[in-house]
Amino acid sequence: MTDSPDLYAWKPLVEDLAERRQRSLAMGGPERVERQRAAGKWPVRERIDELFDPGTFTEFGQLADSMDPVLAAKGYMAADGCVTGVGEIDGRRVAVCAYDFTVMAGSMGAVNEHKTARMRELVLRQRIPIVWLLDSAGARIQATSGSTFAGAGALFREQVTLSGVVPQVAALMGHCAAGTAYIPALADFLPMVAPTSSMALAGRHLVKAATGEDVDEFEMGGAEVHTKVSGVADLAVADDAECLATIRRYLGFFPAHNQEAPPVAATDDPGDRRIEAVYDIVPTAPRRAYDVKKVIELVVDDGELLELKPDWARNIVTGLARVGGQPVGIVANQPKVLGGALDVNAADKAARFVWLCDAFGIPLVFLHDVPGFVVGTAVEKQGIIRHGAKMLFAISEATVPKVSVVLRKSYGAGYFVMNGTAYEADYIAVWPTAEIAVMGPEGMVNIIMRKELDAVPEGKERDAARIAMADELRKNIDPYIAAGHAQVDDVIDPADTRAAIWKGLQVTRTKQVPRPWRKHGVLPV
Amino acid sequence: MADAGTEVRTEITANVWQVRVEVGQAVAEGDELVILESMKMEIPVEAPCAGTVSEIRVQPEDQITEGDVVAVIT
């Protein structure tokens, strides 16, 4: 008789499993992880630890490998270069797809694509938000250089399906090209780590080959470009820590999905708090500009505003905040930039923000001080009509509670797109300084009194006549006329602006707006 | 040069309308240094910090563009 075989030989099996796990947790190995750190970027697993509440992460596909015969010689590809799973942010589940630059430059291969597809399926079934941490060179060309490419691309279509169903965040945390540039473009919120990230449809080598242009990643698609010029990204952040904290903060305003109410927070800040400091911020002199962000900070809970796209289209301010604990989206004209006039980028920025809030049931608050849309050849060539129409479209479609406060002027289509009376505005409070009219008196003079004006000798005399006529017309622009016709709901003391918004939100919180059935509207974009 | 003080820049392209301070004047944070005119609006440029105005680099009717230094505070 030989020795009887060990019927319970678990130890080597468990040890083998533990060893495989360790190999995966080691990512691309100490040398590449060190290089990642030297570049100012955190290793992917530290990013995930920071993103989620401690001990809440359940990983999917930790033991994945590239499984590619061509790449087999290069050894084990930890998690196939993308860590996926579900964790919690403030006790609420969120899925993550986090590319690992230390493994094949975080490139998108067949196995990790299968893993991210699984996350997309999961978030759709579970109705929870998805976060992408992007640090990826894009498609793994070594593996997809042939025409099997024809089968690729489902991820973008699936992202579109998820849009407006669950919140989607895509953070740029490294240089991302092509595929990993479209992921953020189809997400709702795109922070960029300014010193280390970029996004572009093609990386620098491809651009050099295709066009001869010799640029680095930052010049082409860095935060300077995308948060100030193109408007593709929402926010530049200083480092990985700020990026991950910002994602947590952003998701704190959102429900897990579009059929849940946004999370109301406990607050010690009274809803009817008076904001007398506003008297020193907003001039009654109509031509004098001011910074509307100072007004917003007085209005919202604890002065906290998460501004989106702060450095792009600065003539309009968009951001998330709370009033009485209730998440709200703020849309405010910014008089200190372009006088608050709306141009193509401002309309674009506001329309997208309105769609974002409306998709997830976040009420909208509008602060008006707008001379209207910019006019002239330059903006017509940029398509101001379709961009203006886009903002009209978004505000018309939005069925969330919509509260407006008119601070000073609100002229023409500017009044409409800022949630004017006719746009199913639920509550409109105006200041004694409010000027609601088809256009400003100076503009009106040139149209309705042109003949009288032409009769006056040109020069100083005519200028004086123009001012006198404008002053005469201004008398008809009076908030008490609008209030007298009950076209606005109240005229308020500016110090009661927060209280008015808070009450407006209270009385409209069960809003329902049935619309005729349609597949979808035809969007002016 | 830049280490000699805080450069105050304009955030917008505009015409200079008024200069409200003089070199050597003490200013508090938020004081109006210069008032610009753009899009028929009067747009103040405020002191980002307290200090003394050590340089004023614009005068009325100058045309300035976004990012130009208006004044220096030390």
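A quick note: this is a predicted structure, and the numbers were derived from the prediction, not measured.

### Considerations on the overall build of chain A
- Regarding its fold elements, chain A presents 21 helices and 17 strands.
- For chain A, the spread of C-alpha atoms along the three principal axes comes to 120 × 55 × 45 Å.
- Across chain A, contacts joining residues at least 24 apart in sequence account for 73% of those joining residues at least 6 apart.
- When the accessible surface of chain A is summed, it comes to about 24,300 Å², and 57% of that surface belongs to carbon and sulfur atoms.
- In chain A, the 57 positive side-chain charges and the 68 negative ones have mean positions that sit 4 Å from each other.

### Details of the nonpolar core
Residue and element names in this part refer to chain A.
- Val131, Leu133, Ile247, Tyr250, Leu320, Val331 and Leu364 are the most contacted members of the largest nonpolar core, which totals 57 residues.
- It is helix H13 (residues 344-359) that contributes the most residues to this core, eight residues altogether.
- With residues near it in sequence (within four places) discarded, tyrosine 250 still touches Val169, Asp188, Phe189, Leu306, Leu320 and Leu356.
- Core analysis: the next-biggest nonpolar cluster, separate from the first, contains 30 residues, Ile275, Leu407, Ile492 and Ile501 among them.

### As for the sheet that holds strand S1 (residues 6-9) of chain B
Residues and elements named next belong to chain B.
- Taken together, four strands build an open sheet; the order of strands is S1-S8-S6-S3 and the sheet is antiparallel. Strand pairing shows two members of the sheet lacking a second neighbour, S1 and strand S3 (26-27), which therefore form its edges.
- Bridging between S1 and strand S8 (residues 69-73) involves four bridges; their strand directions are antiparallel. For arginine 9, the partnering residue across the bridge sits in S8 and is valine 69.

### Focus on the pairing of strand S5 (residues 168-172) of chain A
Residue and element names in this part refer to chain A.
- Summarising burial for S5: five of the five residues are buried, a large majority.
- Judged by which residues are buried, S5 turns out to be covered on both faces: Gln168, Ala170 and Leu172 on one side and Val169 and Ala171 on the other are all buried.
- Here strand S4 (residues 130-134) pairs with S5 via five bridges, running parallel. Across the sheet, residue tryptophan 132 finds its bridge partner in S5, namely alanine 170.

### Describing the packing of helix H3 (residues 44-51) of chain A against helix H11 (residues 240-251) of chain A
Residues and elements named next belong to chain A.
- At a minimum axis separation of 9 Å, H3 and H11 run at an interaxial angle of 40°. Considering their axes alone, H3 and H11 lie oblique with respect to each other. The way H3 lies across H11 gives a crossing that is right-handed. Across the interface between the two elements, Arg47, Glu50 and Leu51 from H3 touch Asp240, Leu244, Ile247 and Arg248 from H11.
- Residues of the contact of H3 with H11, tallied by class, amount to three nonpolar, no polar and four charged.

### A word on the pattern of salt bridges
- Within this structure, the stated rule accounts for 47 salt bridges over all chains.
- When the shortest N-O distance is used, the salt bridge between Arg45(A) and Glu59(A) registers 2.8 Å. Here Glu59(A) lies in strand S1 (residues 58-60) and Arg45(A) lies in helix H3, a separation of 14 residues in the sequence.
- In this structure Arg45(A) comes out as buried when scored by relative accessible area, which is 12%.
- Between Glu472(A) and Lys475(A) there is a salt bridge, and its shortest N-O distance comes to 3.2 Å.
- By relative accessible area, which is 56% here, Lys475(A) ends up exposed.
- Each member of the salt-bridge network shares a partner with another, and the members are Arg287(A), Arg288(A), Arg20(B), Glu32(B), Glu37(B) and Glu42(B).

### Some points on the environment of Ala150(A)
Residues and elements named next belong to chain A.
- By the element assignment, alanine 150 lies in the loop between helix H5 (141-144) and helix H6 (154-162).
- Under the relative-accessibility criterion, alanine 150 is labelled exposed at 71%.
- Taking the C-alpha atoms as reference, alanine 150 lies 59 Å from aspartate 272; in sequence the two are 122 residues apart.

### Side note on the domain arrangement of chain A
All names here are of chain A.
- The assigned domain composition of chain A is domain 1 (10-251), domain 2 (276-437 + 478-507) and domain 3 (441-476).
- The centre of domain 1, based on its C-alpha atoms, is set 36 Å off from the matching centre of domain 2.
- Between domain 1 and domain 2, the contact holds 19 residues from the first and 14 residues from the second.
- For the pair domain 1 and domain 2, the summed buried surface comes to about 1,300 Å²; carbon and sulfur atoms form 56% of the total.
- The largest per-residue losses of area from domain 1 upon contact with domain 2 belong to Asp234, Arg249 and Tyr250, which jointly make up 35% of the total buried on that side.
- Linking domain 1 with domain 2 are one salt bridge, by the criterion used here.
- A salt bridge links lysine 309 to aspartate 234, with the nearest nitrogen and oxygen atoms 3.2 Å apart.
- Taken together, the connections running from domain 1 to domain 2 amount to six residue pairs in polar contact (both at pLDDT 80 or more).
- Counting residues per element, the ones that place at least two in the side of domain 1 that touches domain 2 are helix H10 (223-228) and H11.
- If one sorts the elements of the side of domain 1 that touches domain 2 by residue count, H11 sits on top with three residues.

### Re the interface of chain B and chain A
- If you look at the interface, chain B gives 15 residues, while chain A gives 15 residues.
- In this assembly, chain B packs against chain A so that about 1,300 Å² is buried in total across both faces, 46% of it on carbon and sulfur atoms.
- In terms of surface lost to chain A, no three residues of chain B exceed Met39(B), Met41(B) and Glu42(B), which account for 45% of the buried area on that side.
- Our count for the chain B to chain A interface comes out at eight salt bridges.
- Measuring nitrogen to oxygen at the nearest pair gives 3.1 Å for the salt bridge that ties Glu32(B) to Arg288(A).
- The tally of links between chain B and chain A comes to eight residue pairs in polar contact (both at pLDDT 80 or more).
- Looking at the side of chain B that touches chain A, the elements that each hand over two or more residues are strand S4 (32-38) and strand S5 (41-46) of chain B.
- Among the elements that make up the side of chain B that touches chain A, the one with the highest residue count is S5(B) (five residues).

Scoring rules and cut-offs
- Residues numbered from 1 in each chain as written.
- Chains lettered and ligands numbered in written order.
- Predicted model: local features only at pLDDT ≥ 70, side-chain atom pairs only at ≥ 80, totals over all residues.
- Heavy atoms only, no water.
- Helix = DSSP H or I, 4+ residues; strand = E, 2+ residues; numbered from the N terminus.
- Contact = heavy atoms within 4.5 Å.
- Areas by Shrake-Rupley, 256 points an atom, 1.4 Å probe, with all protein chains shown as cover.
- Lys, Arg positive; Asp, Glu negative; His and termini not counted.
- Charge placed at Lys NZ, Arg CZ, Asp CG, Glu CD.
- Core = buried A, V, L, I, M, F, W, Y, C linked by side-chain atoms within 4.5 Å.
- Buried < 20%, exposed > 50% of the residue type's maximum accessible area, 1.4 Å probe, protein only.
- Pairing = 2+ DSSP bridges.
- Axes fitted to C-alpha atoms, helices over the stretch in contact; angles between N-to-C directions.
- Parallel < 35°, antiparallel > 145°, perpendicular 65-115°, else oblique.
- Left-handed = near helix turned anticlockwise from the far one by under 90°.
- Nonpolar A, V, L, I, M, F, W, Y, C, P; charged D, E, K, R; others polar.
- Salt bridge = Lys/Arg side-chain N within 4 Å of Asp/Glu carboxyl O.
- Domains from an automatic or database assignment.
- Buried area = accessible area lost by both parts, 1.4 Å probe.
- Polar contact = N/O pair within 3.5 Å; in protein donor to acceptor, adjacent residues only side chain to side chain.

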